[in-house]
Every structure is written in structure tokens, then in C-alpha cells.
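An overview of the molecular structure
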Amino acid sequence: YLVGVDLVMPFWSLLLLLHCKMQLESWLQLSLNELQAARRTILGAISVTCTSPSAAATPQGPCTQSGSVNVAEHEEAIAIMRNFMVSCQELFNEQWGTRCSPLVWWATLLLWCS
């Protein structure tokens, strides 16, 4: 019986680690989808401003209005990306703490016991 248990425990730990990997991949895919949506939002807002008739291209930047770079839109883009990074970090901490950390702990325990 000990030989059977000794052979099953490493495979069980591999299954736990694969399940953890799938959880992290789903988090990564969700984050990438949100990043693409944020990128489209930012580029859409900036390109609308750049193509407006009142905007003229100068050496200072592609989007200027009356000689100065439109700082408000760039600050808004930075705020969107900052909020995105914070939400991704919070989601990762939740994902790791509730789903992956226990799986890794049990997989390590099973490997040490075998």
C-alpha cells in the first residue's frame, strides 16, 4: 500500500499545480481583455481630439490646442491605466490568496510526504 500511495501523491500534487496554473491563466486572460478595452478607450479619446478641426500638429506633440499640449486627456489616460493596474493587482491578490495559495501549499505537502 505504501508504494501505491508513494506513486499517487506526486501525481495528485501535479494535478493541484495544474489547477492553480489554469486559475492564473484565467486571471491573465481577463486582465488582458481589460487592458485591450482600456487601450481602445484611451486611443479613441486621444484620436478624436487629434482629428478635431481645432487641433493642429506642432513639434510639441501631435495634439495641440492653441499652442499647448492637451494635458487633461493625457492625465485622464494615465488615470485609466493607474486604475487598471490597481484592479489587476487586487484581483491577483484575491485569486492567489483564495484559490492558488492553498493548492500550492497542499501540493508542496504531498511532494514532501512522498
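Residues numbered from 1 in each chain as written. Predicted model: local features only at pLDDT ≥ 70, side-chain atom pairs only at ≥ 80, totals over all residues. Heavy atoms only, no water.

1. A short note on the overall build of the protein chain
Of the regular secondary structure elements, the protein chain holds two helices and two strands. In the protein chain, the order of α-helices and β-strands from amino to carboxyl end is α-β-β-α. Out of the 114 residues in the protein chain, the part that is buried amounts to 20%. Across the protein chain, contacts joining residues at least 24 apart in sequence account for 75% of those joining residues at least 6 apart. In the form shown here, the protein chain has an accessible surface area of approximately 8,400 Å², with 69% of it arising from carbon and sulfur atoms. (Helix = DSSP H or I, 4+ residues; strand = E, 2+ residues; numbered from the N terminus. Buried < 20%, exposed > 50% of the residue type's maximum accessible area, 1.4 Å probe, protein only. Contact = heavy atoms within 4.5 Å. Areas by Shrake-Rupley, 256 points an atom, 1.4 Å probe, with all protein chains shown as cover.)

2. Overview of the environment of Phe92
By the secondary structure assignment, Phe92 is in helix α2 (residues 71-113). In this structure Phe92 comes out as partly exposed when scored by relative accessible area, which is 30%.

3. Overview of the nonpolar core
Grouped together as the largest cluster of nonpolar side chains are seven residues: Met9, Leu16, Cys20, Cys100, Leu103, Ala107 and Leu110. When contributions to this core are tallied by element, the ones reaching two or more residues are α1 (2-50) and α2. Residue contributions to this core peak at four residues, all from α2. Every residue in contact with Cys100, bar those within four places of it in the chain, is listed here: Cys20, Gln23, Leu24 and Gln95. (Core = buried A, V, L, I, M, F, W, Y, C linked by side-chain atoms within 4.5 Å.)

4. Side note on α2
A rise of 1.5 Å per residue sets the reference length of α2, with its 43 residues, at 63 Å; its end C-alpha atoms lie 60 Å apart and thus fit the reference within 8%. At Cys100, α2 is deflected by roughly 45°, the largest bend along its length, and proline Pro102 occurs up to four residues later in sequence. Inspection of α2 places Ala77, Phe84, Cys88, Gln95, Cys100, Leu103, Ala107 and Leu110 among the buried residues, and these make up the whole buried set. (Expected span 1.5 Å × (residues − 1). Bend = angle between axes of the 7 residues up to and from the residue.)

5. What to know about a nonpolar patch on the surface
Nonpolar side chains collect at one region of the surface, where Val3, Leu7, Val8, Trp12, Leu15 and Leu18 lie side by side and expose about 640 Å² of accessible area between them. Within the secondary structure, Leu18 sits in helix α1. (Patch = residues over 30% accessible without salt bridge, like charges linked within 9 Å, V, L, I, M, F, W, Y side chains within 5 Å. Salt bridge = Lys/Arg side-chain N within 4 Å of Asp/Glu carboxyl O.)

6. A look at the packing of aromatic side chains
Evaluation of the coordinates by the stated rule reveals two aromatic pairs. Aromatic pair Trp105 and Trp106: ring centres 4.8 Å apart, planes at 85°, arrangement edge-to-face. In this structure Trp105 comes out as exposed when scored by relative accessible area, which is 52%. (Phe/Tyr/Trp six-rings, centres within 6.5 Å; stacked < 30°, edge-to-face > 60°.)

7. A few points about the pattern of salt bridges
Tallied over the entire structure, the rule returns one salt bridge. Notably, a salt bridge pairs Lys21 with Glu25, separated by 2.6 Å at the nearest N-O pair. In this pair, Lys21 and Glu25 both sit in helix α1, four residues apart, roughly one turn of the helix. Classification of Glu25 as partly exposed rests on a relative accessible area of 40%.

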